[in-house]
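Notes for the structure review
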Amino acid sequence: MTTLVKVQNLSVTGPQTADNAEGFVNSLTGSQCQVIIAVGDPQVAAATKVAGTNPQARFITVNGGTAAANVQVVNAASGDDLRNTVKAKLDELARSTS
């Protein structure tokens, strides 16, 4: 399946805390991002929290978080495994919206 996507990397600057990361995740949902991938404990905690008030967005959290209707938790031990697992989740989400 081929689709057009826009990819944006938004790194959390400043203290690496869930409270600080929450503002960055909110900025992504505010700019209408449809899929947000969170990696790292603070980012995963923030994404899990923000997901509840943003049901239109889909979240993939890596190695943590709480699964919900719009949150898919991906656990992967190696870089290649993680890359393939996230790609599969993105393909699945693309198919479900087409």
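Summarised in this report is the structure supplied together with it. (Residues numbered from 1 in each chain as written. Predicted model: local features only at pLDDT ≥ 70, side-chain atom pairs only at ≥ 80, totals over all residues. Heavy atoms only, no water.)

A closer look at the packing of helix H1 (residues 18–30) against helix H2 (residues 41–51)
Helices that pack against each other are described as a pair by the angle of their axes relative to one another and the distance between those axes. At a closest axis distance of 8 Å, the pairing of H1 and H2 adopts a crossing angle of 55 degrees. Comparing their axes, H2 and H1 come out oblique. Where H1 crosses over H2, the two elements pack in a sense that is right-handed. Here Ala18, Ala21, Glu22, Val25, Asn26 and Thr29 of H1 come into contact with H2, specifically with Pro42, Gln43, Ala45, Ala46, Ala47, Lys49 and Val50. Here the contact of H1 with H2 is composed, by residue class, of 8 nonpolar, 3 polar and 2 charged. (Axes fitted to C-alpha atoms, helices over the stretch in contact; angles between N-to-C directions. Helix = DSSP H or I, 4+ residues; strand = E, 2+ residues; numbered from the N terminus. Parallel < 35°, antiparallel > 145°, perpendicular 65-115°, else oblique. Left-handed = near helix turned anticlockwise from the far one by under 90°. Contact = heavy atoms within 4.5 Å. Nonpolar A, V, L, I, M, F, W, Y, C, P; charged D, E, K, R; others polar.)

Comments concerning the sheet that holds strand S1 (residues 35–39)
A sheet is described by the order of its strands in space; here 3 strands give the open sequence S1-S2-S3, paired in parallel fashion. Each of the sheet's edge strands pairs with one partner strand only, and the pair in question is S1 and strand S3 (71–74). Each strand of the sheet is rotated relative to its neighbour by a mean of 20 degrees, with strand direction disregarded. Across 5 bridges, S1 lies against strand S2 (residues 58–62) in parallel orientation. When the sheet's bridge partners are listed, Val39 is paired in S2 with Val62. Together, S1, S2 and S3 form the strand contacts of H2, whose direction differs from that of S2 by roughly 155 degrees. (Pairing = 2+ DSSP bridges.)

A short note on the pairing of S1
Side-chain alternation along S1 places Ile36 and Ala38 on a buried face and Val35, Ile37 and Val39 on a face that remains uncovered. Taken together, S1, H2 and S2 constitute a β-α-β crossover, and its handedness is right-handed. (Buried < 20%, exposed > 50% of the residue type's maximum accessible area, 1.4 Å probe, protein only. Right-handed = clockwise from strand over helix to strand, strands pointing away.)

Structural notes on the pattern of salt bridges
Per the stated rule, a full pass over the model turns up 2 salt bridges. For Lys49, the salt bridge is made with Glu22, and the minimal N-O distance between the two is 3.1 Å. Of the two residues, Lys49 sits in helix H2 while Glu22 sits in helix H1, which places them 27 residues apart along the sequence. Residue classification places Lys49 among the exposed positions, given a relative accessible area of 53%. Between Lys87 and Asp91 there is a salt bridge; the shortest N-O distance is 2.9 Å. Of this pair, Lys87 and Asp91 are both found in helix H3 (residues 79–97), 4 residues apart, which corresponds to roughly one turn of the helix. Residue classification places Lys87 among the partly exposed positions, given a relative accessible area of 49%. Residue Asp91 is classed as partly exposed on the basis of its relative accessible area of 31%. (Salt bridge = Lys/Arg side-chain N within 4 Å of Asp/Glu carboxyl O.)

Re a nonpolar patch on the surface
A contiguous nonpolar patch, built from Val35, Ile37, Val39 and Leu90 and spanning about 290 Å² of accessible area, is present on the exposed surface. At 3 residues, S1 tops the list of elements feeding residues into the nonpolar patch. Mapped onto the elements of the fold, Ile37 is located in strand S1. A relative accessible area of 40% places Ile37 in the partly exposed class. (Patch = residues over 30% accessible without salt bridge, like charges linked within 9 Å, V, L, I, M, F, W, Y side chains within 5 Å. Areas by Shrake-Rupley, 256 points an atom, 1.4 Å probe, with all protein chains shown as cover.)

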